[in-house]
Amino acid sequence: MISGNTSALTIAESLGKASALSVGLGAAAVRLSGLITIEQLREAVQMELEELGLDAQVIEENLRLAEEVYGGLENVTIQPEKVPPKELVHEMAYDHVLLGTPSILAPGNAEARQTGSWRVERPEINYEHCTRCGLCFVGCPDGAIALDEQGYPVIDYDHCKGCLICLEQCPRHSIVSKKEVRSW
Ligand code: SF4
Ligand code: SF4
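About the thresholds
- Residues numbered from 1 in each chain as written.
- Chains lettered and ligands numbered in written order.
- Predicted model: local features only at pLDDT ≥ 70, side-chain atom pairs only at ≥ 80, totals over all residues.
- Heavy atoms only, no water.
- Phe/Tyr/Trp six-rings, centres within 6.5 Å; stacked < 30°, edge-to-face > 60°.
- Helix = DSSP H or I, 4+ residues; strand = E, 2+ residues; numbered from the N terminus.
- Buried < 20%, exposed > 50% of the residue type's maximum accessible area, 1.4 Å probe, protein only.
- Lys NZ or Arg CZ within 6 Å of the ring centre and 35° of its normal.
- Near = heavy atom within 4 Å.
- Nonpolar A, V, L, I, M, F, W, Y, C, P; charged D, E, K, R; others polar.
- Core = buried A, V, L, I, M, F, W, Y, C linked by side-chain atoms within 4.5 Å.
- Contact = heavy atoms within 4.5 Å.
- Pairing = 2+ DSSP bridges.
- Polar contact = N/O pair within 3.5 Å; in protein donor to acceptor, adjacent residues only side chain to side chain.
- pLDDT = per-residue confidence, 0-100.
- Expected span 1.5 Å × (residues − 1).
- Arc of directions from axis to C-beta.
- Axes fitted to C-alpha atoms, helices over the stretch in contact; angles between N-to-C directions.
- Parallel < 35°, antiparallel > 145°, perpendicular 65-115°, else oblique.
- Left-handed = near helix turned anticlockwise from the far one by under 90°.

S.K.: Can you walk me through the packing of aromatic side chains in this structure?
M.R.: When we look at a pair of aromatic rings, we describe it by the centre distance and by the angle of the planes. All chains considered together, the criterion is met by one aromatic pair. Pairing Tyr 127 with Tyr 152 gives two aromatic rings, centres 5.8 Å apart and planes at 80°, and the pair type is edge-to-face. In this pair, Tyr 127 sits in the loop between strand E1 (121-125) and helix H5 (135-139) while Tyr 152 sits in the loop between strand E2 (145-147) and strand E3 (153-155), placing the two residues 25 residues apart along the sequence. The exposure class assigned to Tyr 127 is partly exposed, which follows from its relative accessible area of 39%. The positively charged end of Arg 122 is found above the aromatic ring belonging to Tyr 157, 3.8 Å away from the centroid.

S.K.: Would you mind showing me how to read the site of ligand 1 here?
M.R.: All residues in the neighbourhood of ligand 1 are listed as Pro 123, Cys 140, Pro 141, Asp 142, Ile 145, Cys 160, Lys 161, Gly 162, Cys 163, Leu 164, Ile 165 and Cys 166. Residue classes in the shell around ligand 1 are distributed as nine nonpolar, one polar and two charged.

S.K.: What exactly am I supposed to notice about the nonpolar core here?
M.R.: The nonpolar side chains of a soluble globular protein tend to be buried with one another. In this structure, Val 23, Ala 27, Leu 41, Val 45, Ala 66 and Val 69 are the most contacted members of the largest nonpolar core, which totals 14 residues. Among the elements of the structure, helix H2 (21-33), helix H3 (38-51) and helix H4 (56-71) are those that each provide at least two residues to this core. Ranked by residue count, the leading element in this core is H4, at six residues. Among all residues touching Ala 66, those that are not within four sequence positions of it are Val 23, Ala 27, Leu 41 and Val 45. Membership of the second largest hydrophobic core comes to 11 residues, among which are Ala 144, Ile 145, Cys 160 and Cys 170.

S.K.: For this particular structure, what's the right way to read the pairing of E1?
M.R.: The two faces of a sheet get side chains in turn, since along a regular strand they alternate between them. With four of five residues buried, E1 lies mostly within the body of the structure. One ladder, built from five bridges, connects E1 with strand E4 (residues 175-179); its direction is antiparallel. Across the sheet, the residue bridging to Ile 125 is Ile 175, located in E4.

S.K.: Could you clarify how one ought to interpret the environment of Arg 119 in this entry?
M.R.: Within the secondary structure, Arg 119 is located in the loop between H4 and E1. Spatially, the C-alpha atom of Arg 119 lies 7.8 Å from that of Cys 163, the residues being 44 residues apart in sequence. The contacts of Arg 119, once residues within four sequence positions are left out, are Tyr 157, Cys 160, Lys 161, Gly 162, Glu 180, Arg 182 and Trp 184. Of note is the side chain of Arg 119, whose polar atom sits 2.9 Å from the backbone oxygen of Tyr 157. Within polar-contact distance, the side chain of Arg 119 engages the side chain of Glu 180 at 2.7 Å.

S.K.: Can you help me understand the confidence of the model for the chain in this one?
M.R.: Parts of the model with low pLDDT should not have their predicted coordinates read in detail. Chain-level pLDDT for the chain is 83 on average; 80% of the residues reach the 70-or-more range. Per-element mean pLDDT across the chain ranges from 57 in helix H1 (residues 8-15) up to 97 in E1.

S.K.: Sorry if this is basic, but what is going on with H3 here?
M.R.: For an α-helix the count is 3.6 residues per turn, leaving residues at separations of three or four pointing the same way. Helix length check: H3, at 14 residues, gives a terminal C-alpha distance of 20 Å against a target of 20 Å (1.5 Å per residue), a fit within 8%. Within the span of H3, buried status applies to Leu 41, Val 45 and Leu 49. Along the long axis of H3, the arc covered by the buried residues comes to 50°, so they all point the same way. Facing away from the buried side of H3, by more than 90 degrees, are the exposed residues Glu 39, Glu 43 and Glu 51.

S.K.: What exactly am I supposed to notice about the packing of H3 against H4 here?
M.R.: The relative placement of two packed helices is expressed as an angle between their axes plus a distance between the axes. With their axes 10 Å apart at the nearest point, H3 and H4 run at an angle of 150° to one another. The angle between H3 and H4 falls in the class roughly antiparallel. In terms of crossing hand, the pair formed by H3 and H4 is right-handed. Listed contacts from H4 to Ile 38, Leu 41, Arg 42, Val 45, Gln 46, Leu 49 and Glu 50 of H3 are Ile 59, Glu 60, Asn 62, Leu 63, Ala 66, Glu 67 and Tyr 70.

S.K.: Even after reading the chapter, I still don't get H4, so can you show me in this structure?
M.R.: Given a rise of 1.5 Å per residue, 16 residues ought to cover 22 Å, and the 22 Å separating the end C-alpha atoms of H4 matches this to within 8%. Residues of H4 that are buried include every one of Val 58, Ile 59, Asn 62, Leu 63, Leu 65, Ala 66, Val 69 and Tyr 70, and no others. Buried residues of H4, viewed axially, fall in a sector of 160°; they line one side. In H4, the exposed residues that point more than 90 degrees away from the buried face are Ala 56, Gln 57 and Gly 71.

Set out below in structure tokens:
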């Protein structure tokens, strides 16, 4: 607990810079870790803020903030008898990664949107040099390349936006770019 009315937030606010909050929170973290002395903290803050090119006065204010937060905290000693019993500790359940990430599982109406009309450059595959490595298929961010039964890539021009990532991916340089002439 920081003593008196002092808190990282109120000191940071008094400096008029929300960014100073990180100095206060950093000072709190190193104090609680018990691994870093106040001299080391001062040196680190000074060095980092000088590298950022801040004014001497701003650096001094940040040093004051770091010292006040550091000095207002006490080391925390974990006492075994105060560790909560296991039944009170909430174990985080494992959920499949798809539940925690913004993934689109169903294509919705994406197929109906012919994003190929955005294309100004048109990738074309030279099948004579294609080795069927599949890198273009993997690299296309729009899933606009499929593989045919023999494993050759086939571009879906209704949805290819012409970003030319596939061209960059192809190790055989067997995809070339041409100006799009198709009308929609
Ligand atoms: S140009 Fe872009 S969108 Fe079109 S097939 Fe290549 S990687 Fe996919
Ligand atoms: S990256 Fe090139 S060589 Fe590989 S499958 Fe695609 S077009 Fe063929």
